[in-house]
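One-letter residues, chain by chain:
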Amino acid sequence: MRPYILLLLAAVSTPIHAQAPDPTEARMIHAIDAETPASIALLEQLVNINSGTMNLPGVIAVKNIIEPRIQALGFTTAWHPMEQLDHRAGDLVATHPCPDGPGKCGKRILAIGHMDTVFELSSPFQKYSLVPDAGGKVAAGPGVNDMKGGLVVLLTALDAMKSAGTLDRTEITIVLSGDEESHGIPIAISRKDMIEAAQHSDVALEYETGGLIKGVDAASISRRGSIAWKLETTGKTGHSSGVFNNSMGYGAIYELTRILDAFRTQLLEPGITYNVGLIAGGTSATVNGSNVAVTGKSNVIPPTALANGDLRCLSDDQAAKIQAKMQAIVAQHLPKTDATLTFNDGYPAMPATPAGHALVKQLNDVNATLGLPAMEEMDPMQRGAGDISFVAPYIPGLVGTGAMGNGAHAEGETVFLDSIPRQAKRSALLIYRLSKQ
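If you're wondering where the values come from, they're calculated on a predicted model, not measured in any experiment. (Residues numbered from 1 in each chain as written. Predicted model: local features only at pLDDT ≥ 70, side-chain atom pairs only at ≥ 80, totals over all residues. Heavy atoms only, no water.)

A. Structural detail: the overall build of the protein chain. A tally of helices and strands in the protein chain yields 11 helices and 18 strands. The buried share among the 437 residues of the protein chain stands at 52%. Surface summary for the protein chain: the accessible area is close to 19100 Å², and the carbon and sulfur share equals 57%. With 34 positive and 43 negative side-chain charges, the protein chain shows a spacing of 3 Å between the two charge centroids. (Helix = DSSP H or I, 4+ residues; strand = E, 2+ residues; numbered from the N terminus. Buried < 20%, exposed > 50% of the residue type's maximum accessible area, 1.4 Å probe, protein only. Areas by Shrake-Rupley, 256 points an atom, 1.4 Å probe, with all protein chains shown as cover. Lys, Arg positive; Asp, Glu negative; His and termini not counted. Charge placed at Lys NZ, Arg CZ, Asp CG, Glu CD.)

What follows is the structure, given as structure tokens:
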């Protein structure tokens, strides 16, 4: 092929504003490529440890693999146990100070992640495996992308920075929680480490599952908030022949269904969802975590019923407005019934901001250097809630800088193995550039 044709093809395939990697960036890119087999092996090791949120020994086992690797990079680490919060695991906090003093190594980075998964010891989905007929490019396993793949992305990026000499002059704090999938209450304790770190940082990078738009890598700077709610209804009990009359009324289950159907028909507006995840009713009904014990008979009017669910909104103002509407619906009781609706501490919303948009631009400058297409911003309706929302009031951040995959939170969850080096390169170059600002 003629030289000028080669030049033309190169011009077509290279982003117009591409800035070639400087020698230091090139060393980081090379280090990540060389480290990829070891990164995949580490992923398999982590996935094969069950670390469901309430499996404290499993979460600590994951921590015990990650912590010495972080220490070897020059971080000082501390384990903050939180067993006082219903026997939960704690936070692994790691700090890498600037040698010239706080704030003198460019932007101060906060890396956020978690070591737990939604898959408890009772789940049949426990082990890492390559997906058949995927050419060794896709793996499945509990938490393989949410977010043990993200832990590997973070460690791979930091390893590359260390080998290239860029980590030495970077100020980074890492906070890895042990209960992100079901955080402890009160939040003032369970997210204390994360919030305090944000107050001494400038940019947050969250290593949860990366976003995809029609199968193409996407950036994200916003998340919806998530609030758990609990609805309890009561009614008079007696023989079913008396249901609906002036003496007995409608019973607890009809009151519950009235309220839930009114939620369905009266609350809908752009940006919100309200899910009912558990429901029970009868002569007696009790809930222990995700387990329900119920008694009842078809000829007895039920005196008790309950439902648990969540509410997700684009902003905290929207959440407050919807909660008020829900309480107004609850107050319109059927005869001889009563109901109470309570809300638990949840995840605040993380709205998009100009500073967030500016971070995406910097990320796309990195993409141009790597020869990757620019990343579109992901609609927050396509993501769940996450820990980064707790730090959003203090600093801007990128959501989902971890591995890409499909099926998070479901048996058969997968990760695209080639996304691990790609995301690690993005992180290493972005952190390096932020450390020079």
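B. Here's a closer look at the sheet that holds strand E2 (residues 88–96). Spatial ordering of the open sheet is given by E1-E2-E6-E3-E7-E16, a layout of 6 strands whose pairing is mixed. Both outer strands of the open sheet, strand E1 (76–82) and strand E16 (397–398), are each paired with one neighbouring strand and no more. Two strands pair when backbone bridges link them, and strand E7 (residues 203–206) and E16 are joined in this way by 2 bridges, in the parallel orientation. From the neighbouring strand, Ala204 faces E16, where its bridge partner is Gly397. (Pairing = 2+ DSSP bridges.)

C. Structural detail: the environment of Leu212. Position of Leu212 among the secondary structure elements: in strand E8 (residues 211–213). Note: C-alpha distance between Leu212 and Leu341 (129 residues apart in sequence) is 36 Å. Beyond its immediate chain neighbours, meaning those up to four positions away, Leu212 contacts Asp217, Ala218, Met378, Met404, Gly405, Asn406 and Phe416. (Contact = heavy atoms within 4.5 Å.)

D. Spotlight on the pairing of E7. Taking every second residue as pointing to the same face, both faces of E7 are buried, with Val203 and Leu205 on one and Ala204 and Glu206 on the other. Note: strand E3 (residues 109–114) against E7, 4 bridges, orientation parallel. The residue bridging Ala111 from the neighbouring strand is Leu205, located in E7.

E. Molecular detail of the side chain of Asn367. Among the secondary structure elements, Asn367 is positioned in helix H9 (residues 354–370). Using a relative accessible area of 0% as the deciding quantity, one classes Asn367 as buried. Ignoring anything within four residues of it in the chain, the contact list for Asn367 reads Leu372, Pro373, Met375 and Arg426.

F. Local environment of the side chain of Glu413. Note that Glu413 resides in the loop between strand E17 (405–406) and strand E18 (414–416). With no salt bridge to any partner, buried Glu413 finds its closest opposite charge in Lys148, at an N-O distance of 9.3 Å. Apart from residues no more than four positions distant in its own chain, Glu413 is found in contact with Phe119, Phe125, Ala139, Ala140, Gly141, Gly143, Val144, Asn145, Asp146, Asn406, Gly407 and Ala408. (Salt bridge = Lys/Arg side-chain N within 4 Å of Asp/Glu carboxyl O.)

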